[in-house]
Amino acid sequence: MQVVGITDQQEVWVASKEVKLQINQILIIEDEDLDNPRGEVVCTQSYNRYIPLSIGQSFVDQTVLESLRQIGYNLEQDEINLAKVRLLTEATYPIKPGCSVRIPTFEEVKDLLIKSPNLDEAMVLGVIRGTEDLTSSLEPEYQGIAPLLNNGEFVSQKGVPFVFDPRAMQQYPHIGIFGGSGSGKSFGLRVFLEEIMKLGLPALMFDPHFEMDFSDPFPGIPEDYRKDFRDRFAIFQVGQEVGVQFEKLGVKELTDLLAASGGGLSESMVNAVETVHERRDSFLSFRNRLEGIREALQMGKSKIERVLKEEALNRQKEEELQQYLEYCNKYGSLPVSTVGGIIWRLDRLNRSGLFNRNIDPVINGLQSGKLVVIQGPIWLLGVFATYVLGHVYRKRREYRDAQLRREAAEYFPPFLIVTDEAHNFAPKGYDSPAKSIIREIAQEGRKYGAFLILATQRPTLLDETVTAQLNTKFVFRTVRGTDIATIKEETDLRPEESRRLPYLRSGDAFVSSAIFGRTLSVRIRAAKTTSPHTDNPFDELKSKRRQKEDEFFELIKDKLPIMEAQALEILKDLQTSGFEFSLDSVEQLLEQLNQLVRQGKLVKENSPFGAVYR
Amino acid sequence: MSFIINEDLKSQLRTVNLQLKRMYSSAAALDKEKFRHFVAEEIGKFGRLEKMSSKTLKELVGGKAIIGVDGSINQTAGSYPHYLAVLQALAKSTVGDYQVWKTAVHVPLLKAERERLEGLRAGNKDIASIFLDSKVKDTKLAALELAAAFQAAREMKPFLIMFDGPLRRYQTRVPEEWTDFVQYILRENILVVGVIEEVGTYLISGALKESYPYLEGQYDRELLFGQLDPGEYLEIDEEKVQRGDLRICFLRTSSDPQIIGLDMLKGQFSCFEAVSNLIYTLTPQDGRGIPIWLDLVDSEVRITQSMLDLLVDTYLDPELKRKLFAPKREERIY
Ligand SMILES: Nc1ncnc2c1ncn2[C@@H]1O[C@H](COP(=O)(O)OP(=O)(O)OP(=O)(O)O)[C@@H](O)[C@H]1O
Ligand SMILES: [Mg+2]
């Protein structure tokens, strides 16, 4: 390998016949006057002088090529690999053309690739691409720790592992994980979480896809690579195992919750909640008060007074009306519709079960160094995240502050916050409940030991303040132009690299990190566990449909034979029987019957009275 | 630049044309049949080449290598002795991605070179230095080529070594090395052939000068131009034309009417048929008659002028370069 062509202080071209050069590979350029600088391959080409098949002035016919092949020479092999190599640090003057270039040993480039002094305390996330040639000189402790998954098969680690030291986040906090659909974000998050569990770091994962379960080993995983995480994590569903205690809600939290449950809260609703809510309100006391206010406002002050004066009332009724009167005096300025809107939102929250539980399981999980996975539909998760994050962050902050003041305080550990679909939690351009707490953690979390790992398909939609604080970014395959533009702006990806973004394989990512000071190309390692539902969604659809059809067949079985004319009657029967197949019309019912005919379960005959199904 | 072409120049060119025409029309007047007839009678015999099938080819070579050998000279722009030349020789194998490079830098300014030149001159003041220098260069290059070939022969034990150019050149330029090489080759049963694109012999006119004096001085390539059919060869009788331990043949290997020459060792001439058919098979139909392998080696052994300039710029001090190797001409403004 040697330097060819015109050189300058930043870049050289390297030509090689023996070695195929790879993008991101590090090479040593043996220019002694410049202390043998190191460079990284940023683009590769290969070319064959003889193809197209014109050599000198002669055009080469196929038979001659075939003859060449017979004597052992394949023209197509005779290619020259060219690589543009960018020097890692600018040279003081141009590199000598013609000087030789070689592949380094691991030792010679270790400082560029490994930034964590202690492998036991670091996350092993994958393999650095372009380092395959260093495998043989790799120190044993770095070998065989990051197998890869290629086309569903485990393959042993070739190259230098990509290890990430969570301690480095003290200086360079927070991680972003960007990439389009199917690019490997969730898979990458899983690997991250496995490493978090391995290290016993307390972490909170908000999982809108119900996919972060670590109980099942990855199919086909080699025995020695397996790891049982079952006592390292806990999964809670919002409204089932965890929720918020209404009594402990402040007004701010309550308005946030209500806003999240119904697409925002108007100024007057916020105002209404602030006036109506009282400290230590239980769900019922608050709900009853609102209901009473609504009744009162609907009746109107004068009507209440008239009834009180003119009608003979039992005591209970009279007390109620007195109460209404008081409401009218106190809350007379609130519009009825506003109060109605609040009640509607409150009921929606209540139906989710949110108020029946508390966050104790979450606190306990974090305290014991576990990964706590919180699952729920995205809207509810946003609400809950707001509440729970505010809570745990405050706990941690109080502990740290007390420590600084040398006061005694209950210990609360540092923790990581991980979420997929992060743009829903902290969207750009509009408000969302979780946004302010996430922003706060993004800006100040480092001081207290609270760190974010945020994954999103749409970096463009993520709040800029938050994005700006993500000191390490994993960028997976991205196709959308606006997102590529955002990524270019927010990372130090070079033009050659951003051009490759749409073509990355699932699981390949560029890591742009202040910790490494340059972009690395990484393949995320094979996960040790798998999500409980990696079924193909179409297979799932098919089996669901089958199931419904069987159910349908069971229901109509005793009604056979069915005449077309009876269809309406049967439809009514089915609807009262609670069958949930959307059969809204006679046409749909008949189509369903025809489907069974196609499957051979029924026979359709024509009669003078229309079709008959038997 | 001058755009006015003076009358004298025009008329001189016309005269040259006339002279050349007169000289060559006698040969052209030779009827093809007649010419072939007395060539066959006096000097050799015609034969036909055959393209080999893949199978025959494979069997013949038997998995062994074919080595192509070629050299190149690149030099900086100045004139003797203010220039520097890079001589390179390459022996490249068809199998095993094997090649041998031999390189030398020729600097006529150096004392040793001057002395060598004077040695060659042997006091004869009439011989131009520039002529002697080019001889030195060619001798050096021939030595490099032969060394590359020898190394490849030892390391690869090839089936055939194919030189670009006549074997005679090595014999005369580097006789001792050549003798060693030939000994080794014959012992190890390695075939050797020189493929001559620009045949510089006048064997035919020489052999026929008694009967056809007017052909005198004409090169074989001129006489044979268009006289052979594609795939035809003319084997020169070793009795009638003595060429030491070498034998030569003329071949028309492509649609180009120009012939090429093949040099072989006398001791290996029994393999002529195999070697010539092999070469014919490896030659593109519409090319200039040279087997593709030599074309590949040829294009590989060359470096471009700009590459040479770049290398010189990088490795030589700018002062030295300016003082010794920058041609005055480059600074001239036209
Ligand atoms: N590191 C990897 N190694 C091997 N295969 C991978 C890797 N990462 C992802 N894949 C493959 O790509 C598929 C899709 O990845 P993943 O589910 O992580 O995409 P995603 O980015 O989360 O997409 P979405 O935004 O649609 O959720 C995985 O099911 C897996 O087959
Ligand atoms: Mg996903």
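Scroll up for the structure.
All of these numbers come straight from a predicted model, not from anything done at the bench.

**Points about the site of ligand 1**
Residue and element names in this part refer to chain A.
Part 1 of the reasoning: Not every one of the 15 residues close to ligand 1 is listed here, only the nearest: Gly182, Lys185, Ser186, Phe187 and Gln457.
Part 2 of the reasoning: Backbone polar atom of Phe187 to an oxygen atom of ligand 1: 2.8 Å apart, as the coordinates give it.
Part 3 of the reasoning: Contacts to ligand 1 include Gln457, whose side-chain N or O atom sits 2.7 Å from an oxygen atom.
Part 4 of the reasoning: Contributions of two or more residues to the shell around ligand 1 are made by helix H3 (185–199) and strand E22 (519–524).
Part 5 of the reasoning: Counting residues per element, the shell around ligand 1 draws most heavily on H3, which supplies three residues.
Part 6 of the reasoning: Of the residues contributing to the shell around ligand 1, the split by class is three nonpolar, nine polar and three charged.

**Quick word on the layout of surface pockets**
Part 1 of the reasoning: Taken as a whole, the largest pocket encloses approximately 1200 Å³ of empty space.
Part 2 of the reasoning: Forming the walls of the largest pocket are 31 residues, and the residues nearest its centre are Gln2(A), Val4(A), Trp101(B), Ile303(B) and Met307(B).
Part 3 of the reasoning: Among the elements of the structure, strand E1 (2–4), strand E2 (11–16) and strand E7 (80–87) of chain A together with strand E3 (85–93), strand E4 (99–106), helix H11 (292–301) and helix H12 (305–315) of chain B are those that each provide at least two residues to the lining of the largest pocket.
Part 4 of the reasoning: The element that contributes the greatest number of residues to the lining of the largest pocket is H12(B), accounting for five residues.

**Structural notes on the nonpolar core**
All names here are of chain A.
Part 1 of the reasoning: Leu204, Phe206, Leu354, Phe355, Val362 and Ile438 are the most contacted members of the largest nonpolar core, which totals 83 residues.
Part 2 of the reasoning: A per-element tally of this core places helix H11 (residues 378–404) first, with ten residues.
Part 3 of the reasoning: Not counting chain neighbours up to four residues away, the residues in contact with Leu354 comprise Val238, Gly239, Gly243, Val244, Leu257, Leu349, Leu380, Val383 and Phe384.
Part 4 of the reasoning: Residues Met123, Leu149, Phe192 and Ile515 belong to the second largest nonpolar core, which totals 61 residues.

**Describing helix H7 (residues 175–188) of chain B**
In an α-helix, one turn spans 3.6 residues; hence positions three or four apart end up facing the same way.
Part 1 of the reasoning: Spanning 14 residues, H7(B) covers 20 Å between terminal C-alpha atoms, matching the ideal 20 Å at 1.5 Å per step.
Part 2 of the reasoning: Tucked into the core, H7(B) has its buried residues touching helix H5 (129–156), strand E5 (160–164), helix H6 (168–173), strand E6 (191–196), strand E8 (246–251) and strand E9 (260–265) of chain B.

**Focus on the environment of Val242(A)**
Residue and element names in this part refer to chain A.
Part 1 of the reasoning: For Val242, the position within the fold is in the loop between strand E16 (233–237) and helix H4 (251–261).
Part 2 of the reasoning: Sequence-wise, Val242 and Val388 are 146 residues apart; in three dimensions their C-alpha atoms are separated by 10.0 Å.
Part 3 of the reasoning: Dropping the residues within four chain positions of it, Val242 is found in contact with Phe236, Gln237, Arg357, Asn358, Pro361, Val362 and Phe384.

**Some thoughts on the interface of chain A and chain B**
Part 1 of the reasoning: Facing 25 residues of chain A, the contacting portion of chain B comprises 28 residues.
Part 2 of the reasoning: A per-residue breakdown of the area chain A buries against chain B is headed by Gln70(A), Ile71(A) and Pro97(A), which together make up 26% of the total.
Part 3 of the reasoning: Taken together, the links from chain A to chain B amount to zero residue pairs in polar contact (both at pLDDT 80 or more).
Part 4 of the reasoning: Of all the secondary structure elements, the ones that give two or more residues to the side of chain A that touches chain B are strand E6 (58–59) and helix H1 (62–70) of chain A.
Part 5 of the reasoning: Taken together, the residues that form the side of chain A that touches chain B break down as twelve nonpolar, seven polar and six charged.

About the cut-offs
Residues numbered from 1 in each chain as written. Chains lettered and ligands numbered in written order. Predicted model: local features only at pLDDT ≥ 70, side-chain atom pairs only at ≥ 80, totals over all residues. Heavy atoms only, no water. Near = heavy atom within 4 Å. Polar contact = N/O pair within 3.5 Å; in protein donor to acceptor, adjacent residues only side chain to side chain. Helix = DSSP H or I, 4+ residues; strand = E, 2+ residues; numbered from the N terminus. Nonpolar A, V, L, I, M, F, W, Y, C, P; charged D, E, K, R; others polar. 1 Å grid on protein atoms, 1.4 Å probe; cavity = no way out; pocket = protein on both sides within 12 Å on 5 of 7 lines; lining within 4 Å. Points joined across faces, edges and corners; volume = space filled by probe spheres on them. Core = buried A, V, L, I, M, F, W, Y, C linked by side-chain atoms within 4.5 Å. Buried < 20%, exposed > 50% of the residue type's maximum accessible area, 1.4 Å probe, protein only. Contact = heavy atoms within 4.5 Å. Expected span 1.5 Å × (residues − 1). Buried area = accessible area lost by both parts, 1.4 Å probe.

No statement about biological role is implied by the geometric values presented.
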